Amino acid sequence: MPSLSRIISGIIAIILALGMLIFGGWYFTLGFSVIVYLGQLEYFQLVRAKGIQPAGKTTLVVSQALLLTAAFSPNLVDAMFALAGTLICFYLLFQPKLSTIADISSSILGLFYGGYLPSYWVRLRVGLEPHTLLEKAFASPIDFNEHWLENLSFANLSPGLTATLLAFGCIWAADIGAYIFGKCFGRTRLSDISPKKTVEGAIFGVLGSIVVAILGSWSLQWPGFPWPGLILGLLIGIASLLGDLTESLMKRDAGVKDSGQLIPGHGGILDRADSYVFTAPLVYYFITLFLPLLST
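All of the points below concern the structure found in this document. (Residues numbered from 1 in each chain as written. Predicted model: local features only at pLDDT ≥ 70, side-chain atom pairs only at ≥ 80, totals over all residues. Heavy atoms only, no water.)

**As for a nonpolar patch on the surface**
Right, so step 1: Together, Ile176, Tyr179, Ile180, Phe181, Phe185, Ile203, Phe204 and Leu207 give the surface a local cluster of nonpolar side chains, amounting to about 750 Å² of exposed area.
Right, so step 2: Elements with a minimum of two residues in the nonpolar patch: α7 (159-185) and α8 (199-219).
Right, so step 3: Considering every element that reaches the nonpolar patch, the biggest residue donor is α7, with five residues.
Right, so step 4: Here Phe181 lies in helix α7.
Right, so step 5: By relative accessible area, which is 30% here, Phe181 ends up partly exposed. (Patch = residues over 30% accessible without salt bridge, like charges linked within 9 Å, V, L, I, M, F, W, Y side chains within 5 Å. Areas by Shrake-Rupley, 256 points an atom, 1.4 Å probe, with all protein chains shown as cover. Salt bridge = Lys/Arg side-chain N within 4 Å of Asp/Glu carboxyl O. Helix = DSSP H or I, 4+ residues; strand = E, 2+ residues; numbered from the N terminus. Buried < 20%, exposed > 50% of the residue type's maximum accessible area, 1.4 Å probe, protein only.)

**Looking at unusual backbone geometry**
Right, so step 1: Here Phe225 and Pro226 are connected by a cis peptide whose omega angle stands at 5 degrees.
Right, so step 2: The residue Gln221 is not glycine, and still its phi comes out positive at about 55 degrees.
Right, so step 3: Residue classification places Gln221 among the exposed positions, given a relative accessible area of 70%.

**Points about the packing of helix α4 (residues 77-93) against helix α5 (residues 101-125)**
Right, so step 1: Close contact between α4 and α5 brings their axes to 10 Å; oriented N to C, the two are set at 155 degrees. Looking at the two axes, α4 sits roughly antiparallel to α5. As α4 packs across α5, the resulting crossing turns out to be right-handed. Residue-level inspection shows Val77, Asp78, Phe81, Ala84, Gly85, Ile88, Cys89 and Leu92 of α4 in contact with α5, the latter providing Asp103, Ile104, Ser107, Ile108, Leu111, Phe112, Tyr116, Ser119, Tyr120 and Arg123.
Right, so step 2: Tallied by class, residues from the contact of α4 with α5 come to 12 nonpolar, three polar and three charged. (Axes fitted to C-alpha atoms, helices over the stretch in contact; angles between N-to-C directions. Parallel < 35°, antiparallel > 145°, perpendicular 65-115°, else oblique. Left-handed = near helix turned anticlockwise from the far one by under 90°. Contact = heavy atoms within 4.5 Å. Nonpolar A, V, L, I, M, F, W, Y, C, P; charged D, E, K, R; others polar.)

**Concerning the environment of Cys184**
Right, so step 1: When you line up the elements, Cys184 lands in helix α7.
Right, so step 2: Taking the C-alpha atoms as reference points, Cys184 and Glu200, separated by 16 residues in sequence, lie 9.5 Å from one another.

**Some remarks on the pattern of salt bridges**
Right, so step 1: Across all of its chains, the model carries six salt bridges by this definition.
Right, so step 2: Two residues, Lys197 and Asp244, come together in a salt bridge whose shortest N-O distance is 3.2 Å. On the criterion of sequence distance, the pair formed by Lys197 in the loop between α7 and α8 and Asp244 in helix α9 (residues 227-254) is long-range, its members being 47 residues apart.
Right, so step 3: Here Asp244 falls in the buried class, since its relative accessible area comes to 18%.

**Details of the nonpolar core**
Looking at soluble globular proteins, one finds that nonpolar side chains tend to be buried together.
Right, so step 1: Phe28, Phe32, Trp121, Val122, Leu232 and Ile287 are the most contacted members of the largest nonpolar core, which has 53 residues in total.
Right, so step 2: With eight residues, the top contributor of residues to this core is α5.
Right, so step 3: Apart from the residues within four sequence positions on either side, Phe32 is in contact with Met20, Leu67, Pro118, Trp121 and Val122. (Core = buried A, V, L, I, M, F, W, Y, C linked by side-chain atoms within 4.5 Å.)

**Notes on the packing of aromatic side chains**
Any aromatic ring pair is given by two values, namely how distant the centres are and how the planes are angled relative to each other.
Right, so step 1: Under the defined criterion, the tally for this structure stands at 22 aromatic pairs.
Right, so step 2: Centre to centre, the rings of Phe23 and Tyr27 are 5.3 Å apart; their planes meet at 50 degrees, and the pair counts as tilted.
Right, so step 3: Exposure remark for Phe23: the relative accessible area of 34% places this residue in the partly exposed category.
Right, so step 4: Exposure remark for Tyr27: the relative accessible area of 56% places this residue in the exposed category.
Right, so step 5: Taken together, a centroid distance of 5.8 Å and an interplanar angle of 50 degrees make the contact between Trp222 and Phe286 tilted. Separated by 64 residues along the polypeptide, Trp222 in the loop between α8 and α9 and Phe286 in helix α11 (residues 279-294) bring together distant segments of the chain. Of the two residues, Trp222 and Phe286, neither departs from the other in class, the shared state being buried.
Right, so step 6: Linked through ring pairs, Phe81, Phe112, Tyr116, Tyr120, Tyr284 and Tyr285 together constitute an aromatic cluster.
Right, so step 7: Lying over the aromatic face of Tyr120, Arg123 brings its terminal NZ or CZ to 3.8 Å of the ring centre. (Phe/Tyr/Trp six-rings, centres within 6.5 Å; stacked < 30°, edge-to-face > 60°. Lys NZ or Arg CZ within 6 Å of the ring centre and 35° of its normal.)

Take a look at the structure:
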């Protein structure tokens, strides 16, 4: 049975996440920036446990710049990523102690894994809003007037909120499905990276993601139903699992059980957010590139 602290902290985390999602704009951008900052601190702790000296502070700063750029002008993030990587390399070149390949590699991975990939969530939630450049970061998806409850349905929500809620729902379904069915029916070990994960749990996790995505595509009346939902659910289910395994690999290499102790009963930020890292760009490009092709 889960401990009381685990249940309480889980409920608080869900409430905060939903609040950020619903209000969007600066609420989501700044809240998400805090999560990314704390997650990167944990990542660099894992790296330093291996005796590596990354450009931690520089990477933290440029990653925050990526997130803010994603809110104001999503199209500039890719260019910012290249500039940020160059800046990190320049910083390491002029350190008193000669930097190593591991120092440079871990710093760039910290930027990519902890800053660039998460920026896609800001692009998805804030960047897809139909507002001007400055309004994007301040817009709230719901007009809380006296009739807001009458218009509150999945199909009537803003594009950014709809896409992000659907993606989060798929990830939650994948995590819950993998955990419950893995506990009840899991017999075959999936990987030595994470001994507790099973093939059976992984399959049910992906199936849970597919079910939620198909229901979402039906509600949103996507063309070609049910195939877009099936594809999206499959992508999210697999990417969620790969994100979990990647973080487990880093913890295993660093010789720690959890990435941190910030969330009682759950571990660190990375322990809870690992499923979201690789899913973000897949969802973003599915929404912005693949779906429009189905409508032509």
